[in-house]
Amino acid sequence: MNLHEYQAKALLRMFGVPAPDGIVARTAEEAEQALNVFSLPVALKAQVHTGGRGKAGGIRVVKEAFEIRPAAQAILELTIQDHPVQALFITPAAHIAQEVYLSLLIDRGERSVAFVGCAEGGIDIEATAKEAPEKVFKRKVPISQLTRLNPDSLMDFAGQLFEDPSQARQTAGLMTRMGRLFVEKDASLIEINPLIADAEGTVLALDAKMTVDNKALFRHEDLQEIREASGEDPSEASARAQGLVFIRFDGDIGCIVNGAGLAMATMDIIQHHGGQPANFLDVGGSSNPRKVVAAFELILQHPGLKVIFVNIFGGITRCDDIAQGILTSLDTFDVSVPIVVRLVGTNEEEGRAMLEEIGIVTVTTLEEGALEAARIAGAA
Amino acid sequence: MLIDANTKVIVQGITGRDGSFHTGQMLAYGTKVVGGVTPGKGGQTVHDLPVFNSVPEAVSETGAEVSVMYVPGRFARDAMLDAAEAPLKLLVVITDGIPTLDMLEAYETLGSKGIRIIGPNSPGIIKPGQCKVGIMPARIHTPGSIGVVSRSGTLTYEIVHVLTEAGMGQSFCAGIGGDAVIGTTFTDILPLFEQDPNTEAVVLVGEIGGQDEVEAARYCRRNMSKPLVGFMAGLTAPPNRQMGHAGAILEGENDTVAAKIERMEYHGIPVARLISDVVPLLRGMLQPSEAPQ
């Protein structure tokens, strides 16, 4: 789960990493109230889960009081890369003497946690790593040491970011606190871009991005609350609550599959035959008929649905349980579209027999099923 | 190849629903399951096997070298660190939903003791006809000379199924798991296949996210004499959406399936776009002279 800048900065401050305070505004009126707290100039920053805010006009610096309402209004009307702006973070505009890049992340390839730095701030780190890899440096940290890093051991790294010894020392200190925050909140990324030295030589986080591990949310009530308030697609949220992974698309072939890899391969083969999947849906590795019913309920809400393709390769999942889920769905909902069922694996004979009794024909291969679904949808 | 007919296996979480069911399935396959572990339930029996309170106790009583874990995600850290205290060779983690930092900690700790981890979120490993350590449906496998290594569970079954239908048995199949941080990667497994006298060729099943498939292709070109064929899922996956597996998220243009297939083919690894293409590609690699152009 991605946190907004204002949420990430609140956590950074809580752990002792300097970051400018600010106010969250959802209307132009609320934005104006910020002037009761901060003196001008202030920066208005769109809070959206996407990059490229600056280029899209999502960040404005306001120098005069009369400018703040129209500026806030203009940003709140923006949609940045399909993300409508719903909130602004208003913060005192900083004087930037020097800016650098600093992040702490999970390095998949190394199976470790690592600090990543670059002496240029505000950059696109992925593009820089590709075009000028010599500018980007990395420092692996064993997970067992992350909560008790010694700032002295980070001075080499920090010195590559800021030549000034006092600024390097401040940076090494805040890196130790980033380490504690990372572990304490099960982060997978804390990115400070840019980390700046201001006119007084104080080092602080001017922007912040933080991603936390969805698999660890069970032990973080504060982060669960953020997720609940995050405006997630309601059908995707309800799927998650039922133990399904559901992602909505624009096509007309509903898909119910067990396993993420097989679900992706099913989407691929449908498109290979000219069809368009309405969704990605992984019922997971369990044989609970209720999950199938929940899957039907979600998919049947899809506008323009033409066919449902159920593709199951049962290992831990039992085909008779899936068949039971299909039968219950047909009894419970008004299913007006055809269903193509491919059922193989554990208890497949029982499962197929249950469906054939009520006239549902099953197919045995993925290829056959995908082709039939695409044909019904009018694509093949 | 990590396991064989003589490998002694213990089951962590043996008293749970999945652990108990799959212990029965493994015993039925002929796997030498010798006991299990559930803290606080030592002294009980499951399928007539002794249950112990800790992994070190279970290992010293049974001589097991391999543990397979069905413990729920939120208890997985303690279970993995318990396994680190025993002289095991291998820990196979079936559990899905383990926090990434717990996994990193376990990888560091078990790695320092020389214990290999397979998984998490893995269907397990199987040497057909000899030993099954995991949850895969036994009957789709048949002994033979094709190695299979995959990041996915059910997709692996699909590939194994088409191989078996085509008369191509398997030497060893490993599901390495769909998470972002896993104990054993493609490049960790490939040397084992290269050294295994029973393996003639390898099928590598990958998906969106990360660079492991490309690393595997580079490794194969430099270090392997045996042919490798790829299959990749997620050619049509949209960016910035996590497709079920924690590891299956596109973080940049480099880890799309299309980009990865291009890099793999650059390293000389043929990649099937459809499951039905895997067998013909494999046949072509095994009998180059008869390969269709």
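Observations concerning the sheet that holds strand β7 (residues 88–92) of chain A
Residues and elements named next belong to chain A.
Reasoning step 1: Taking strand neighbours across the sheet as the criterion, the 4 strands line up as β2-β7-β3-β4 in an open arrangement whose pairing is antiparallel. Across the chains shown, the open sheet's two edge strands, defined by having one partner strand only, are β2 (23–25) and β4 (59–62). The mean angle between the axes of side-by-side strands here comes to 25°, regardless of whether they run parallel or antiparallel.
Reasoning step 2: Where β2 lies against β7, 3 bridges are found, and the strand directions are antiparallel. By the bridge assignment, isoleucine 23 is partnered in β7 with isoleucine 90.
Reasoning step 3: Where helix α1 (residues 5–14) meets the sheet, its contacts fall on β2, β3 (42–46) and β7, and the angle it forms with β7 comes to roughly 50°.

Regarding the interface of chain B and chain A
Reasoning step 1: Tallying the contact residues gives 57 residues for chain B and 47 residues for chain A.
Reasoning step 2: Summed over both sides, the interface between chain B and chain A buries roughly 4100 Å², with carbon and sulfur atoms accounting for 59% of that surface.
Reasoning step 3: One can count 5 salt bridges joining chain B with chain A.
Reasoning step 4: Here Asp102(B) makes a salt bridge to Arg219(A), at a shortest N to O gap of 3.0 Å.
Reasoning step 5: Viewed at the interface, chain A and chain B are joined by 17 residue pairs in polar contact (both at pLDDT 80 or more).
Reasoning step 6: Of all elements in the fold, only α1 (17–29), α4 (100–112), α5 (154–165) and β13 (228–233) of chain B reach the threshold of two or more residues within the side of chain B that touches chain A.
Reasoning step 7: Considering every element that reaches the side of chain B that touches chain A, the biggest residue donor is α4(B), with 7 residues.
Reasoning step 8: Taken together, the residues of the side of chain B that touches chain A sort by class into 24 nonpolar, 19 polar and 14 charged.

Observations concerning the packing of aromatic side chains
Residue and element names in this part refer to chain A.
Reasoning step 1: Across all of its chains, the model carries 5 aromatic pairs over all chains by this definition.
Reasoning step 2: Ring centres of phenylalanine 115 and phenylalanine 157 lie 6.1 Å apart, and the angle between their planes is 55°; this geometry places the pair in the tilted category. Taken together, the residues phenylalanine 115 in strand β9 (residues 112–118) and phenylalanine 157 in helix α5 (residues 155–161) connect sequence positions 42 residues apart. Pair check on accessibility: phenylalanine 115 and phenylalanine 157 agree, each one buried.
Reasoning step 3: Through a chain of ring-to-ring contacts, the aromatic side chains of Phe115, Phe137 and Phe157 assemble into a single cluster.

Reading the values: rules and limits
- Residues numbered from 1 in each chain as written.
- Chains lettered and ligands numbered in written order.
- Predicted model: local features only at pLDDT ≥ 70, side-chain atom pairs only at ≥ 80, totals over all residues.
- Heavy atoms only, no water.
- Pairing = 2+ DSSP bridges.
- Helix = DSSP H or I, 4+ residues; strand = E, 2+ residues; numbered from the N terminus.
- Axes fitted to C-alpha atoms, helices over the stretch in contact; angles between N-to-C directions.
- Contact = heavy atoms within 4.5 Å.
- Buried area = accessible area lost by both parts, 1.4 Å probe.
- Salt bridge = Lys/Arg side-chain N within 4 Å of Asp/Glu carboxyl O.
- Polar contact = N/O pair within 3.5 Å; in protein donor to acceptor, adjacent residues only side chain to side chain.
- Nonpolar A, V, L, I, M, F, W, Y, C, P; charged D, E, K, R; others polar.
- Phe/Tyr/Trp six-rings, centres within 6.5 Å; stacked < 30°, edge-to-face > 60°.
- Buried < 20%, exposed > 50% of the residue type's maximum accessible area, 1.4 Å probe, protein only.

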